[in-house]
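# Inside the fold
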Amino acid sequence: MSLKLNEKFLKGFIGPNEITSLAPQIKTAYETVSTRSGEGADYLGWLDLPVSYDREEFARIKDAAARIRNMCDILVVIGIGGSYLGSRAAIEFVKSPLYNSLPGNKPAVYFAGNTISPSALSDLLKICEGKDLCVNIISKSGTTTEPAVTFRIFRELLEKKYGTEGARERIFATTDKARGTLKTFSDKVGYETFVVPDDVGGRYSVLTAVGLLPIACAGIDIDAMMRGAADARKKYMNADVETNDCLRYAAIRNILYRKGKATEILAAYDPAAQMFCEWWKQLYGESEGKDNKGLFPASVIFSTDLHSLGQFIQQGTRNIFETIIDFKTSPDAVKIPYDPENIDGLNFLAGEDIHNVNRTATLGTLIAHTDGGVPNVVLEIADRSAYSFGYAVYFFELACAVSGYLLGVNPFNQPGVEAYKINMFALLGKPGYEETRANLSARMQDE
Ligand code: PA5
């Protein structure tokens with residue numbers, strides 16, 4: 001089994017029968033998902049994706065990834081939010097946060113269009129100088145400003161470098177199957193396109209072409225990833241709250257929220273999980289944070305952040321709980337050397353693998369934080385394989401949908417994100433947004 005929920009560190013925070021008492025509501029929330037009967041049910045395409053995904057497109061993804069791996073030194077992945085977090089999380093989780101710097105990793109994969117910082121863009125353009133490039137532009141709507149502006153810059157760069165024909169072979173677009181500016185433009189100029197399915201929202205899209213193409217370009221086994229997700233689906237698609245870890249995680253979050261624990265901190269003991277935490281924050285933040293409700297999703301990497309946020313977690317405002325990602329194994333082994341002079345007094349650790357020291361830090365912190373009044377839920381994950389990544393993605397997606405319905409919100413819309421996008425279009429003077437622009441200008445004068 002790739003993932004196991006350990007509830008040992010919830011003792012004293014959640015009573016022995018509390019989850020069982022909540023079982024009827026959990027069951028209803030789960031059935032709202034499984035029968036596709038709730039608000040936003042049109043966006044439940046990810047639920048069966050691990051078994052019903054488009055095999056023809058999957059083969060095309062692998063084929064395109066092989067060409068990209070052959071053709072370029074750098075793949076620039078342009079996208080924001082759900083259009084980049086999943087693939088970046090996968091590459092760092094399975095390979096390394098230092099993937100681009102490690103020997104033998106070709107192409108390097110850089111992510112752009114997720115900020116409007118001129119410095120970030122200009123640094124990346126410098127890194128790209130003299131290198132062979134490919135671009136994967138990812139935008140479901142095709143209109144989001146950050147990736148659209150960045151794509152215009154990289155398209156011009158590739159057309160100058162390789163000519164229109166050459167650029168066409170190096171640009172891959174992942175977007176809506178029929179609609180939107182990016183789809184229309186891609187069809188017109190002849191880019192190879194991949195589909196963001198209509199029934200899968202951005203933050204649930206990592207197991208579609210949105211995530212799979214960049215992930216495959218980094219040499220990760222996407223078959224294993226889909227197998228992991230399919231096995232998680234088999235394991236968790238049932239309403240048995242007593243045995244279903246996915247439903248129990250949703251229940252625990254809800255119970256703690258009702259007890260005033262309004263911030264959930266996802267903590268991992270490996271920087272390889274940092275972007276996975278970012279992916280998780282978007283998934284839960286956008287799915288639950290609405291109608292004046294929702295847990296605030298935060299994240300930390302330990303033991304690094306024990307030296308910055310550890311103090312707050314141990315003794316600050318008691319409105320937090322932690323969900324711990326506990327990797328049972330590490331793909332790498334580093335042993336602590338023996339020093340005949342024992343100058344630093346560390347010979348008691350000589351020959352010890354650093355992974356074991358890290359696991360000891362996990363245990364010590366779990367005990368300290370629970371002693372300090374912070375409930376801890378532990379998700380034991382077998383390893384950092386592609387299979388486990390797919391498994392964990394499905395676990396968190398299903399738990400998120402159930403949690404959202406349990407909370408009484410639509411877990412599949414994001415009206416708040418749309419609000420900022422509309423204001424930005426209006427303020428930048430995009431045609432069609434004149435009325436909003438006039439309203440905003442009047443308001444700014446008033447204020
Ligand atoms: O989850 C979501 O829907 C959002 O975060 C989107 O992924 C993000 O806003 C990017 O949108 P798009 O892919 O349309 O450019």
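Our structure is the block above this text.
Residues numbered from 1 in each chain as written. Predicted model: local features only at pLDDT ≥ 70, side-chain atom pairs only at ≥ 80, totals over all residues. Heavy atoms only, no water.

With that settled, consider the packing of helix H9 (residues 222-236) against helix H14 (residues 386-407). Running from N to C, H9 and H14 cross one another at 40°; their axes reach a closest spacing of 6 Å. Judged on the interaxial angle alone, H14 and H9 are oblique. In the crossing of H9 with H14, the sense of the turn from one axis to the other is right-handed. Where H9 approaches H14, its residues Ala 224, Met 225, Arg 227, Gly 228, Ala 229, Asp 231, Ala 232, Arg 233, Lys 235 and Tyr 236 are matched on the opposing element by Ala 386, Tyr 387, Phe 389, Gly 390, Tyr 391, Tyr 394, Phe 395 and Leu 398. Partitioned by chemical class, the residues of the contact of H9 with H14 number twelve nonpolar, two polar and four charged. (Axes fitted to C-alpha atoms, helices over the stretch in contact; angles between N-to-C directions. Helix = DSSP H or I, 4+ residues; strand = E, 2+ residues; numbered from the N terminus. Parallel < 35°, antiparallel > 145°, perpendicular 65-115°, else oblique. Left-handed = near helix turned anticlockwise from the far one by under 90°. Contact = heavy atoms within 4.5 Å. Nonpolar A, V, L, I, M, F, W, Y, C, P; charged D, E, K, R; others polar.)

Under the definition given, this model contains 26 aromatic pairs. Taking the centre distance of 6.3 Å and the plane angle of 45° together, the rings of Trp 46 and Phe 412 count as tilted. Residue Trp 46 is located in the loop between helix H1 (18-34) and helix H2 (49-52), and its partner Phe 412 is located in the loop between H14 and helix H15 (415-428); the two are separated by 366 residues in the primary sequence. For the pair formed by Trp 46 and Phe 412, the shared burial category is buried. An angle of 70° between the planes, with centres 6.4 Å apart, marks the rings of Tyr 249 and Tyr 284 as edge-to-face. Residue Tyr 249 is found in helix H10 (residues 245-258), and its partner Tyr 284 is found in helix H11 (residues 274-288); the two are separated by 35 residues along the sequence. Here Tyr 249 matches Tyr 284 in class, with each residue buried. The ring of Tyr 53 has Arg 55 sitting right over it, with the charged end atom 3.8 Å from the ring centre. In this arrangement the basic side chain of Lys 430 is found over the ring face of Phe 425, its NZ or CZ atom lying 4.0 Å from the centre. (Phe/Tyr/Trp six-rings, centres within 6.5 Å; stacked < 30°, edge-to-face > 60°. Buried < 20%, exposed > 50% of the residue type's maximum accessible area, 1.4 Å probe, protein only. Lys NZ or Arg CZ within 6 Å of the ring centre and 35° of its normal.)

Turning to the packing of helix H4 (residues 85-95) against helix H8 (residues 209-217), a few remarks are in order. Taken N-terminus to C-terminus, the directions of H4 and H8 make an angle of 35°; their axes are 8 Å apart at the nearest point. In the packing of H4 onto H8, the handedness of the crossing is right-handed. Here Gly 86, Ser 87, Ala 90 and Ile 91 of H4 come into contact with H8, specifically with Val 210, Gly 211, Pro 214 and Ile 215.

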